Structure formats: structure tokens, C-alpha cells
Amino acid sequence: SAYINLRMSVCLLVSEDDPHKPIQLHHQQPVTLGRGPETKIKDKKCSREQVELRADCNRGFITVKQLGVNPTNVDGVVVGKGNQVSVKPGQRLYLVNQQYPYTVRFTEDTPTPRSAAEKSKPSKRAHRMSSEGNGEKSSEHHRMSDDSPPPKKTLPSGSDKPESAGHWSQGLKVSMQDPKMQVYKDDRVVVIKDKYPKARYHWLVLPWDSISSLKALRSEHVELLKHMQRVGDQMLQQCPDAHKLSFRLGYHAIPSMSHVHLHVISQDFDSPCLKNKKHWNSFTTDYFVESRDVIAMLEHDGKVTVKEGTSELLKLPLRCHLCRKEQPTIPKLKEHLKTHLPS
DNA sequence: GTTCTAGAAC
DNA sequence: GTTCTAGAAC
């Protein structure tokens, strides 16, 4: 392109308990971390070279390689010496022996050079609330009418940075907090419409509690999951077309978006947002795990495991979920699906 | 997760 | 030549 983008994408490794300054990880530059001044860890169980970290700022995760003998783990799963795993935003990395928790955060901000004297102060992010509730909070604002937002035609020049809120994989966390997106909420969960629905009806049920993925689920979450399923079923009861469409409630075995979310999706798959093989297979193969199966597994095993080879399911040929007939392309599949639609 | 697009498939 | 898929995105 005609210009050079000076904005650097960086990953911050944030210490969750003894908050030392976040450690910057630059794209694809390996950083070795362990006991030492940078982490303030003095624990002898932690090697001075406990882990090697490498951020992929484009794809939004870091890889962690355990170098030390004592266990590094991610969300309770041990990495193992010589092995490496990925850590996405929302997951917790424990440097050694379930201690020293860290999370990762991706930001687009170019760190402004500051004087050494100022360095110790935590950085403030003043430009964050650029568009929404700026200014007067004093008067009560219980207006129900949604007056149009201030025209923000400001062009790329100054401080504007529409959504440096976070990486795309954190999008659900943002959406679920947005009252305009919420179609139901109670003390435990919130329901939003999927931003890119893959069928005529496609909702997501999310817990307020931050649970990064199925891997992080434990027995104590059973009641929450049952509640999520109940709420999903409630969505159907108020759906005008529920009687003529069928629905499935379930989870993607390996979701792209952080934060556990239950899909409630009608089985017409009649949507322009359904565009490729991955979309199709993620809802019509065992990549889609029924809510009741997740709950049963959790009750039986105390955790949820994903079968090996699940990611390969996304590459399977396109097959109609109703008559099992294989279709050569997405357009042909969509044409075929019309034959199953209710008249 | 989406967008974009090169080049494979038709 | 057009349609369609699949991999990169700095």
C-alpha cells in the first residue's frame, strides 16, 4: 500500500497477582522468562529460564514453551518440559506449579516514549472513551429513545482509534456488555444475537463469569451450564418460528472467540453469513457438541475433553445435515438446503 | 471471528 | 473466462 503503518501491534503479558509492569512481547520475537528481576519471582522452583514466549500479534495468541523442569500450565493443563502450547486472551498462564498467573492482551497502541521519571506510573488510556458516554454524567439519562450518536466523521489523523478495545477474539466480551446487543439477561447469563448469524435464528448464551473455553469447565460449573441451556430453551419458546423450525443447542469444540458461549441455532442454515466449509462443518459435524453432552461429560468426568482429530472435522466434504447428501460447493449446498425449507 | 484475494477448479 | 475456495492478515 501507499503508506507505512507506524502503529505497532504488541502483546502485553500481564501479571495477575503481584502486578509488576506488563511485559511487552513483540510479534514473533522470542522472550525467555522465569525467576529474575523482570518477574520478581524468587521461587527456586522456577527456573531462570522457565518458559520461552513468542507472540503472534496477527493471529492473537502467544506460544509458551516450557524450558524448566517444573510444570508450567495453562488453565490447569500442564505444558510439560520441551512442549509448547498456545495462550489466548482470556486464558491463564501459570509460570510454575500453579503459581504466578499471567494473562495476555493484544493492543495496537504504539508505546509513547516517556521520560525515565514517568516510567513507573501505570499508563493511562485517556483516548479510550472517544465516542460513547463522554462528558456529562450528572443529569439522569433514562431516555428510552435512542438518539443518534454524535456524528463521528473524524478522519484518520489524530487520537481517534475506533476500537483498540482489543483483539477480535475478545469481541464477545464487548458485545455481551452492550445493552443494544442483549436480548435477555439475568444474574448469571446474557443472551445476544450472533453478529454473523449462520441461520434464520442464531443466539449466543454467555455467562457473566469469565470462562475462557470448554477446557476451563469444572464440576462447579454444571449448574451454570444447565441454566444456560434452560435460557436457550426459553429463547425458543418466545421465537415465532420455533414451531416450524428445528433447533440445536451446543458448543463449538474449539471456538475462535474467547468466553464460553452456547449456540442456539435454527437448522435451516439459511443465511448469507454462512459462507464456507468451516462454517458449515462447525455446526453439522461433531465439532458441534450438544449442550446436554457437555453437561453429561462434566457431571461424569468433572471436565470436558475434546476428541482428538476434532479440528480436522472442519475439512470434511460438505454434506447435508438432513439427508446426508454430499454437495460439491457452498453455493450448491445452499441451493440444496432450499429443498428442505418449510414451505 | 471476518475480509481479501491469488490461483485452483470448473 | 468465471466461480469458488483457502490461506494470510506485519
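How each quantity is defined
- Throughout this description, residue numbers start from 1 for each chain and increase along the sequence as written.
- Each chain is given a letter, starting from A, and each ligand a number, starting from 1, according to the order in which they appear as written.
- Where local features are concerned, this predicted model is filtered to residues with pLDDT of at least 70; where side-chain atom pairs are given and counted, the filter is 80 or more; whole-chain, interface and lining totals use all residues.
- The side-chain quantities take in all heavy atoms of the structure and omit both hydrogens and water.
- In this scheme Phe, Tyr and Trp rings, the latter by its six-membered ring, pair at centre separations within 6.5 Å, and the angle between planes marks the pair as stacked below 30 degrees, edge-to-face above 60, and tilted otherwise.
- Only runs of H or I of at least four residues qualify as helices and only runs of E of at least two qualify as strands under DSSP, and these elements are numbered from the N terminus.
- Partly exposed residues are those whose accessible area sits between 20% and 50% of the maximum for their type, while under 20% is buried and over 50% is exposed, using a 1.4 Å probe and protein chains only.
- If even one non-hydrogen atom of a residue comes within 4 Å of a molecule or strand, that residue is called near it.
- Polar contacts, as counted here, are pairs of nitrogen or oxygen atoms within 3.5 Å of one another; within protein the pair requires one atom able to donate a hydrogen and one able to accept it, and residues that are adjacent in sequence qualify only if both atoms are side-chain atoms.
- Note on residue classes: Ala, Val, Leu, Ile, Met, Phe, Trp, Tyr, Cys and Pro are nonpolar, Asp, Glu, Lys and Arg are charged, and everything else, Gly too, is polar.
- Paired strands, in this sense, are two strands between which DSSP finds at least two bridges.
- In this description, a line fitted to the C-alpha atoms serves as the axis of each element, helices being fitted only across the stretch in contact, and the angle between N-to-C directions of two axes falls anywhere from 0 to 180 degrees.

Chain A is annotated in an unreviewed UniProt entry as Aprataxin from Cyprinus carpio carpio.

1. Concerning the packing of aromatic side chains
To describe a pair of aromatic rings, you give the distance between the ring centres and the angle between the ring planes. As enumerated under the stated definition, the model contains six aromatic pairs in all. For the ring pair Tyr201 and Phe247, a centre distance of 6.2 Å and an interplane angle of 45° mean the geometry is tilted. Here Phe247 lies in strand 14 (residues 247–252) and Tyr201 lies in the loop between strand 12 (189–193) and strand 13 (202–207), a separation of 46 residues in the sequence. Phe247 matches Tyr201 in its accessibility class, with the two residues each being buried. The interplanar angle of 70° and the centroid separation of 5.1 Å between the aromatic rings of Phe269 and Trp280 together place this pair among those described as edge-to-face. Residue Phe269 is located in the loop between strand 15 (262–266) and helix 3 (277–284), and its partner Trp280 is located in helix 3; the two are separated by 11 residues in the primary sequence. Taking the relative accessible area as the measure of exposure, Trp280 reaches 0% and is therefore buried.

2. Overview of the protein's contact with DNA strand C
If you check the shell around DNA strand C, you find His27, Asn58, Thr329, Ile330 and Pro331 and nothing else. If you look at DNA strand C and keep only atoms within 4 Å of the protein, 60% of those are sugar or phosphate atoms. In the model, a phosphate oxygen of DNA strand C is placed 2.7 Å from a nitrogen or oxygen of the Ile330 main chain. Residue classes in the surface near DNA strand C are distributed as two nonpolar, three polar and no charged.

3. Details of the pairing of strand 4 (residues 51–56)
Bridging between strand 3 (residues 31–33) and strand 4 involves three bridges; their strand directions are antiparallel. By the bridge assignment, Val31 is partnered in strand 4 with Leu53. Note: strand 4 against strand 5 (residues 61–66), six bridges, orientation antiparallel. Looking at the pairing, Glu52 lines up with Lys65 of strand 5.

4. Looking at the sheet that holds strand 7 (residues 77–78)
Taken together, the six strands give an open sheet; going across it, the order is 2-1-10-9-6-7, and neighbouring strands pair in antiparallel fashion. The sheet terminates laterally at strand 2 (23–26) and strand 7, the two strands that pair on one side only. With four bridges connecting them, strand 1 (residues 10–15) and strand 2 associate as antiparallel partners. Within the sheet, the bridge partner assigned to Leu13 lies in strand 2 and is Ile23.

5. Re the sheet that holds strand 15
Read across the open sheet, the six strands follow the order 11-12-13-15-14-16; overall the sheet is antiparallel. Every interior strand has two partners, whereas the edge strands, strand 11 (182–185) and strand 16 (288–290), have only one. Sheet twist, expressed as the mean angle between neighbouring strand axes with direction ignored, is 30°. Note that strand 14 and strand 15 share four bridges and pair antiparallel. Pairing of Leu249 across the sheet is with Val264, part of strand 15.

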